[in-house]
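# Examining the three-dimensional arrangement
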Amino acid sequence: MKKSAVAAKTSPQNPQKNAIHKTPFQKIEPYLYITPALILFCCFVFFPFAKTLFLSLHSTTPKGEISKFVGFSNFTSLLTSEAFRNSLFVTVKYSLMVVFFSIAAGFITGVLANEKIPGTGLFRTIYSLPMAISSAAASIIFIFVFHPSIGILNYLLGTDIGWLISDKWAFFSVVMVTVWMNIGLNFIFILAALQSVPPELYESASLEGAGFFRKHLSITLPCISPTLFFLLIINVINSFQSFAQINLMTKGGPGQSTYVIVYSIYQEAFFNNRFGLACAESVILFFIILALTLVQFRLEKKVTY
């Protein structure tokens, strides 16, 4: 009887008796660990975002001081502005091309670097190099590469094209530079995903007579689809926020051919001193990126895990 009484006291059927009573400090201790991160987020993310929303509903003085409440007038002005609609069109076209070619180039270089051929280590280093170069440094380098008279690109092609001063070529030049800068990140993630694909799958496909392209189409792409999905989201967000290369290389021109939304925000705020309008553009850009991200997550069920 004594043993059964002791067992009843220590039995998991008595959770109230076995529960650990936490002190007030132990209850708030987990929140103390995340307090520094919350403070940083509040100072550099949540407060600036709330301030942007607030300013988007006001007009401001050239010094950035609030002059009066205008409601949604800033948004109405933007949506009826031909310049803003053009910047939106340029941004979408720019993002589509950058995302497609960046992921495609990362996939091709990843597949090549994953092959067991001599010099693979050197190729992997070369493909990863763009990650080590800042956007500003890369832009300065390519300004000289695209120079119409002393640029190496015209020298190699035997042409005299003004790559950054031509309406026809400036847009594609900026896209090319952005794709080159994105290759490193995409390459590293795709290569890591490729190395996790079981080699037995390729061996079985070879026995069935599958060729090089068929194996990658039927095996590689489904196996690394979670990584490609992740890179799709990252590349879309980064492409909509491209600024340094456009500011340094083309200044949104020529003829607004590279006038993306981020550069338009910069122009409205720091050159036209219309901070309320710039904040409204920022809010619109935020909701565009949010909508695209939500759509991508809705399509996540088609990703093979």
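First, a word on what this report is: a plain description of the structure on this page. No experiment lies behind these values; they were computed from the predicted model shown.

Reading the values: rules and limits
Residues numbered from 1 in each chain as written. Predicted model: local features only at pLDDT ≥ 70, side-chain atom pairs only at ≥ 80, totals over all residues. Heavy atoms only, no water. 1 Å grid on protein atoms, 1.4 Å probe; cavity = no way out; pocket = protein on both sides within 12 Å on 5 of 7 lines; lining within 4 Å. Points joined across faces, edges and corners; volume = space filled by probe spheres on them. Helix = DSSP H or I, 4+ residues; strand = E, 2+ residues; numbered from the N terminus. Nonpolar A, V, L, I, M, F, W, Y, C, P; charged D, E, K, R; others polar. Axes fitted to C-alpha atoms, helices over the stretch in contact; angles between N-to-C directions. Parallel < 35°, antiparallel > 145°, perpendicular 65-115°, else oblique. Left-handed = near helix turned anticlockwise from the far one by under 90°. Contact = heavy atoms within 4.5 Å.

### Re the layout of surface pockets
- Considered as a void within the structure, the largest pocket measures approximately 400 Å³ in volume.
- Of all elements in the fold, only helix H5 (82-114), helix H10 (199-207) and helix H11 (212-223) reach the threshold of two or more residues within the lining of the largest pocket.
- If you tally residues by element for the lining of the largest pocket, the top one is H11, at three residues.
- Here the lining of the largest pocket is built from residues that sort into seven nonpolar, three polar and three charged.
- In this structure, the second largest pocket spans a volume of roughly 270 Å³.
- As for the second largest pocket, its lining consists of 16 residues, of which Ser135, Thr178, Met181, Asn182 and Asn238 are closest to the centre.
- Elements with a contribution of two residues or more to the lining of the second largest pocket: helix H9 (170-194), helix H12 (225-240) and helix H13 (244-249).

### Section: the packing of helix H7 (residues 135-145) against H9
- Direction vectors running N to C along H7 and H9 enclose 135°, while the axes themselves pass 11 Å from each other. As far as their axial angle goes, H9 and H7 are oblique. Judged by the sense of rotation from one axis to the other, the crossing of H7 with H9 is right-handed. Between H7, through Ser135, Ala138 and Phe142, and H9, the contact on the second element is made entirely by Val177, Trp180 and Met181.

### Points about the packing of H11 against H12
- Contact geometry for H11 and H12: axes closest at 4 Å, N-to-C directions at 60°. Relative to H12, the element H11 lies oblique. Across from Leu221, Pro222 and Cys223 in H11, the residues of H12 making contact are Ser225, Pro226 and Leu228.
- For the contact of H11 with H12, the class distribution of residues is five nonpolar, one polar and no charged.

Any functional reading would require information that these geometric values do not contain.
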